[in-house]
Amino acid sequence: MPNIDLSIKLCNIRLNNPTILASGILGTTKALLKRVAENSAGAVTIKSISVEPREGHKNPTVITFEAGMLNAVGYSNPGVEAAAREFTDLQDVGVPVIASVIGTQKEDFVRVVEGISGLEFSAIEIPLSCPHTPGFGLLAGQGTPQATFEITSAVRRATSLPIFVKLSPNITEICNIAKAAEDAGANAITAVNSMGPGMIINIEAQKPILSFKVGGVTGDALRPIAVRCVYDLYKAIKIPIIGVGGISTGRHAIEMIMAGASVVGIGTGVYYRGVDVFRKVCEEMTQWMQENGFSNINSIVGGAHD
Amino acid sequence: MPNIDLSIKLCNIRLNNPTILASGILGTTKALLKRVAENSAGAVTIKSISVEPREGHKNPTVITFEAGMLNAVGYSNPGVEAAAREFTDLQDVGVPVIASVIGTQKEDFVRVVEGISGLEFSAIEIPLSCPHTPGFGLLAGQGTPQATFEITSAVRRATSLPIFVKLSPNITEICNIAKAAEDAGANAITAVNSMGPGMIINIEAQKPILSFKVGGVTGDALRPIAVRCVYDLYKAIKIPIIGVGGISTGRHAIEMIMAGASVVGIGTGVYYRGVDVFRKVCEEMTQWMQENGFSNINSIVGGAHD
Amino acid sequence: MIEQPMMVKICDIIEESSTVKTFFFESNMQFEPGQFVMVWIPLLDEKPFTISYIQNNIFGISVLKRGLFTNALHAKKIGGTIGIRGPYGRGFSLQTNSNLCVIGGGIGMASLSAVIDRLNLTLKVHQGNVTVIQGTRTSAEIIYQKRFKNMNLCTEDGSVGFKGTTVKLFGELLKKQRFKQVFACGPEMMLYKVVELCREYCIECEVSLDRYIKCGFGICGQCDCSGHRVCIDGPVFNMEELSRMEDFGKTIMTKTGERVIY
Amino acid sequence: MIEQPMMVKICDIIEESSTVKTFFFESNMQFEPGQFVMVWIPLLDEKPFTISYIQNNIFGISVLKRGLFTNALHAKKIGGTIGIRGPYGRGFSLQTNSNLCVIGGGIGMASLSAVIDRLNLTLKVHQGNVTVIQGTRTSAEIIYQKRFKNMNLCTEDGSVGFKGTTVKLFGELLKKQRFKQVFACGPEMMLYKVVELCREYCIECEVSLDRYIKCGFGICGQCDCSGHRVCIDGPVFNMEELSRMEDFGKTIMTKTGERVIY
Ligand SMILES: Cc1cc2nc3c(=O)[nH]c(=O)nc-3n(C[C@H](O)[C@H](O)[C@H](O)COP(=O)(O)OP(=O)(O)OC[C@H]3O[C@@H](n4cnc5c(N)ncnc54)[C@H](O)[C@@H]3O)c2cc1C
Ligand SMILES: Cc1cc2nc3c(=O)[nH]c(=O)nc-3n(C[C@H](O)[C@H](O)[C@H](O)COP(=O)(O)OP(=O)(O)OC[C@H]3O[C@@H](n4cnc5c(N)ncnc54)[C@H](O)[C@@H]3O)c2cc1C
Ligand SMILES: Cc1cc2nc3c(=O)[nH]c(=O)nc-3n(C[C@H](O)[C@H](O)[C@H](O)COP(=O)(O)O)c2cc1C
Ligand SMILES: Cc1cc2nc3c(=O)[nH]c(=O)nc-3n(C[C@H](O)[C@H](O)[C@H](O)COP(=O)(O)O)c2cc1C
Ligand code: FES
Ligand code: FES
């Protein structure tokens, strides 16, 4: 039995294992981040923070279906000032903490980055790809190569932390956008955000269930799309990829890593398998690597490419 | 108990019920179309036909996963001449038969339409939206408003049959493309084709499973996306919509119809529930309508809109 | 568990007090005392309510009229429909062979009423008895008067029963009676003091917490209380868990997700 | 059922004849005689093969070397891996208490071998016996010589056994013996004639058909035979079904999906 090493370096951040809590799942408080870290996540991402507090969409904001989940939370968050109070002394969390920063224009991104600059975040993630929040992401035209370049450049000037740019699976030209981010100084690409949007209608009520009517699709339904995006990105860019979308087992994680991801993000998996999904995924990865004669996780990154 | 009427008129074609066999599923021979009709489909669509015979991609061409199906058949078909021999005396089928016509350029569409013009097809469907066949659909740039307008116009001049233009769920500007089709004289929109493409990797083989590596995602994973597309289209266009994507139960069909579809297409549902999925869906729709006090299927079309 | 809202018909409505109504509906869901459902009014909102009546296939939720959503619920008539998904959460762990005390403050009583039913049912068979304390501001707010005999009532204005808070009355009772376990629901400061008293008297205690609920199944993080998700890890927590929850009795979480010290 | 190819290790290989090898692998799949698997060689192709050996957790497929894919398979060594998904299709419906005849032409014998095993096993217990006819062009092509004793061999060149076709030999046997049921697999013209003979002699008959297989689970329509999908409705069909299949014995379907009359 080879000795299994799951640890990995992502933009010079050392992770015990390649599982990361995706943004928007449980990342509202430091206490929850800590709990996720105690359940073996290699790193954690906070829920996205904007300049001003936001109540988000009305409920229902999250709903499940046979093949995954639909959500339109609408970026509810307490705003950068309150967030700066919440996320102090982040070394208590025990693993690297990634800040997720959103804005309706590039100046907002910068203001949030500056507002949290005194804290101990290990990296800044900027999602330019939410499919269901007016003023942000796709609904604000942030998912073009041009906008991506501009926002990333602005954030680049505002911080020396590693920058992860998070992309949408909807966009056919995902590789061009990733290249624009790379050119602007991004250190990694997070692929992908939720897909769609989609809609689920309650036929007795004759109404869409989500209050915002549509929401982003995540979970199992998203996985093949996310894997394809990562596979394409791996050929197109040089910076590492954080593969996100439908991962809830060790096999899923290995699939994503073979497609080209250096690490994986897990969101909906917390619903499928509980907060300890991170531990389960790591155990399953370890066992698979043992059975298949791999000792180092780095050696399988991009393994599915010719 | 109200007396339930599932019959519906689509572009002046009378259907006993609103379920249609989607293109590419079982539609290779007249005998199979007949079998599907005997299993209560309201209409059937043949597998897409090109000018020349095509072998399609190598196997594996179709694969299932937790949330649906991935396929890259690659438009295998015997070409228009052989198809014209296969699909004679279509009244034997017992329900309206829709021809699906593909081409790498608009002249090809016209040649196929002309090649089958003597036969008894009830309508011509033109999919401009396949995500996994080089030379066709999205990979040939057919999914733009401009190309859609041109191809549809050309087909319009070549036939007096109703034209259904089949769109991709990938495209953010689906409504613009539908309007282009409408302007060019399309009589209905088929929404949607398969999504993505996606990729599934076998981690022991360290290779994508499909020989073409990527394939279109269908089934449960696609349903919320397809429902949202149809919901948006219903507001944007006046011509009727054939709602396709992830339908395998009566509830799914009613959801799609409430989103705005006049009729529904079923593909992957044949895998989930067998060839008699059409009968099952009709029975389930009838029962639901009875329990919820509806007598006429037309009265619920678009019912989820404000 | 029902993951997407299921539309159910309101088959009966009881006016429990001037401000509380119970809405009954039929369903073949399975509920444990203390679990809640998400109630959906299409186009309006979706909010959490504890199941207050568990009777074969008929269930009830008791709703205090206080804002937009509960006003809309109160306007519903028999035959009207609401959407229900759930059940969610971890309910009370009932020990049915001891002397027990149930303490409800305000609408918190709704979360406890299914517990009392279950205890009354099983206490007939087993040893033990149950003491119920219900506290409100005034007599008009008292609920379940016909449903539960011999409740120990208290009102802040003294209009009925003991004049004072549930905590004060509980303190009085503690001087005379020994309880094995306490179940409580109500304003968090009340719960905090009940837990303090229980700790002092070495009594087991479980309380049902209240946080702003969005998803209901543990994904969005909106209902955090010191790393515990009220919707799925709770809403019921025991004393051991509460002792590790710094936020208990000290903070609330607003709708934006801000943790505010009160 | 395994829906995505599972990589299995080849744990043994037998050379059955000059052109046929059997590849064994371990798996906890469940197979019925007559069912097939889709065998995947990554980056190459995926093709259908009937399970020819069913032994607890060890299974075999017997492969005739004839083209690109089967050549690649024949090049595999013990320890090599292939992908397997399935089992697919409807197998033979075995009656185990009668006089039965099994007729294999060429590699069609592979589809029947698991049937013979099963019959031999159960015929020991029940009444009845089984007659096996295997036909090839020449003696070097005969397979399973050690596996099945007392086969009725026939070769077109007469190099061993009866000189002539399986159909001719079957016709001879019919003059002396009465069979309750016949199982056959081989070239479709052979099957057609076997079915004709069975109809004449009022014998039940099931045959396993061969069509180009793509998906294997009834969705793509590539394997059609008169509205019947060979992959899921078959590959085994009975006489009553065959009587309604106009394409049986008359057409093949090419890889492009063209139905060609031969
Ligand atoms: C687990 C749980 C069980 C509950 N059970 C009951 C019950 O059985 N009966 C009952 O009357 N009430 C119950 N509540 C409280 C109930 O959800 C709120 O009273 C209701 O949501 C108020 O909505 P509104 O629009 O009428 O008032 P609003 O004006 O919107 O709000 C009034 C107050 O209600 C609370 N509230 C509002 N929205 C939510 C929400 N989404 N989640 C939690 N609290 C909210 C807040 O404290 C707010 O300040 C329960 C709450 C929780 C967390
Ligand atoms: C249900 C079923 C069970 C079979 N079981 C066996 C078996 O146990 N042993 C065995 O040796 N062979 C079996 N075959 C046939 C086997 O699949 C082909 O011999 C094999 O696919 C040939 O591939 P190739 O690349 O070597 O040859 P090619 O040169 O590609 O083709 C040679 C011939 O093989 C057939 N063939 C090719 N591809 C397919 C396909 N995808 N599906 C069906 N037929 C195909 C065609 O008749 C073709 O003309 C079975 C076929 C079917 C339909
Ligand atoms: C309830 C919910 C809330 C989310 N909120 C955010 C968010 O605030 N910021 C963000 O970048 N992504 C957000 N996402 C997207 C996830 O981070 C992730 O990219 C997506 O869910 C796909 O991964 P999964 O299939 O593992 O969930 C959210 C997803 C869900 C399900
Ligand atoms: C195996 C397979 C083959 C398909 N081939 C075609 C095709 O030839 N032409 C076409 O327009 N659509 C084709 N499609 C798309 C379907 O017609 C349909 O739009 C899609 O599958 C979504 O519906 P579903 O979820 O009900 O399957 C194919 C789908 C599948 C699964
Ligand atoms: S309400 Fe979403 S985690 Fe509890
Ligand atoms: S091979 Fe696809 S239907 Fe039979």
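Residues numbered from 1 in each chain as written. Chains lettered and ligands numbered in written order. Predicted model: local features only at pLDDT ≥ 70, side-chain atom pairs only at ≥ 80, totals over all residues. Heavy atoms only, no water.

Colleague: In this structure, what is going on with the overall build of chain A? I would like to understand it.
Modeller: Of regular secondary structure, chain A possesses nine helices and 16 strands. In terms of C-alpha radius of gyration, chain A reaches 18 Å, essentially the compact-globule figure of 19 Å for 306 residues. Overall, chain A is about 50 × 50 × 40 Å in size when its C-alpha atoms are taken along their principal axes. Once local pairs closer than 6 in sequence are excluded, the contacts in chain A between residues at least 24 apart make up 71%. Approximately 9,400 Å² of chain A is accessible, and the part contributed by carbon and sulfur atoms is 46%. One way to put it: in chain A the 25 positive side-chain charges average out to a point 1 Å from where the 27 negative ones average out. (Helix = DSSP H or I, 4+ residues; strand = E, 2+ residues; numbered from the N terminus. Rg over C-alpha atoms; globule rule 2.2 N^0.38 Å. Contact = heavy atoms within 4.5 Å. Areas by Shrake-Rupley, 256 points an atom, 1.4 Å probe, with all protein chains shown as cover. Lys, Arg positive; Asp, Glu negative; His and termini not counted. Charge placed at Lys NZ, Arg CZ, Asp CG, Glu CD.)

Colleague: Help me understand the site of ligand 1, please; the structure alone is not making it clear to me.
Modeller: Residues and elements named next belong to chain C. Taken together, 19 residues lie near ligand 1, and K47, P48, S62, L64 and T70 sit nearest. One of the backbone nitrogen or oxygen atoms of L64 is found 2.8 Å away from an oxygen atom of ligand 1. Contact distances for ligand 1 include 2.5 Å between an oxygen atom and a side-chain N or O atom of T70. Expressed as a share of its isolated accessible area of 850 Å², the protein-covered part of ligand 1 is 80%. Broken down by secondary-structure element, the contributors of at least two residues to the shell around ligand 1 are strand 4 (45-55), strand 5 (58-64) and helix 1 (68-74). For the shell around ligand 1, the per-class residue count stands at 11 nonpolar, four polar and four charged. When we break the shell around ligand 1 down by domain, the ones giving at least three residues each are domain 1 (2-88) and domain 2 (100-261). (Near = heavy atom within 4 Å. Polar contact = N/O pair within 3.5 Å; in protein donor to acceptor, adjacent residues only side chain to side chain. Nonpolar A, V, L, I, M, F, W, Y, C, P; charged D, E, K, R; others polar. Domains from an automatic or database assignment.)

Colleague: I keep staring at the packing of aromatic side chains and nothing clicks. Help me out?
Modeller: Any two aromatic rings considered together are summarised by their centre-to-centre distance and by the angle between their planes. For the structure shown, the criterion picks out 32 aromatic pairs over all chains. Pairing F36 of chain C with Y88 of chain C gives two aromatic rings, centres 5.9 Å apart and planes at 45 degrees, and the pair type is tilted. With F36 of chain C in strand 3 (residues 36-41) and Y88 of chain C in strand 6 (residues 81-88), this pair connects stretches of sequence that are 52 residues apart. Both residues of the pair, F36 of chain C and Y88 of chain C, count as buried. Aromatic side chains F49 of chain D and F69 of chain D sit 6.1 Å apart centroid to centroid with 15 degrees between the ring planes, which places their arrangement in the stacked category. One end of the pair, F49 of chain D, is in strand 4 (residues 45-55); the other, F69 of chain D, is in helix 1 (residues 68-74), and 20 residues separate them in sequence. Geometry around Y144 of chain C places R147 of chain C over its ring, the cationic atom sitting 4.7 Å from the centre. (Phe/Tyr/Trp six-rings, centres within 6.5 Å; stacked < 30°, edge-to-face > 60°. Buried < 20%, exposed > 50% of the residue type's maximum accessible area, 1.4 Å probe, protein only. Lys NZ or Arg CZ within 6 Å of the ring centre and 35° of its normal.)

Colleague: Whenever I open this one, the packing of helix 7 (residues 250-259) of chain B against helix 9 (residues 277-291) of chain B confuses me. Can you help?
Modeller: For any two helices packed against each other, one specifies the crossing angle of their axes together with the interaxial distance. Residues and elements named next belong to chain B. At a minimum axis distance of 7 Å, the contact between helix 7 and helix 9 shows a crossing angle of 70 degrees. Taken together, the axis directions place helix 7 and helix 9 in an arrangement best described as roughly perpendicular. For the pair helix 7 and helix 9, the contacting residues are G250, R251, A253, I254, I257 and M258 in the first and V281, E284, M285 and W288 in the second. Partitioning the contact of helix 7 with helix 9 into residue classes produces seven nonpolar, one polar and two charged. (Axes fitted to C-alpha atoms, helices over the stretch in contact; angles between N-to-C directions. Parallel < 35°, antiparallel > 145°, perpendicular 65-115°, else oblique.)

Coordinates in, geometry out; function isn't part of it.
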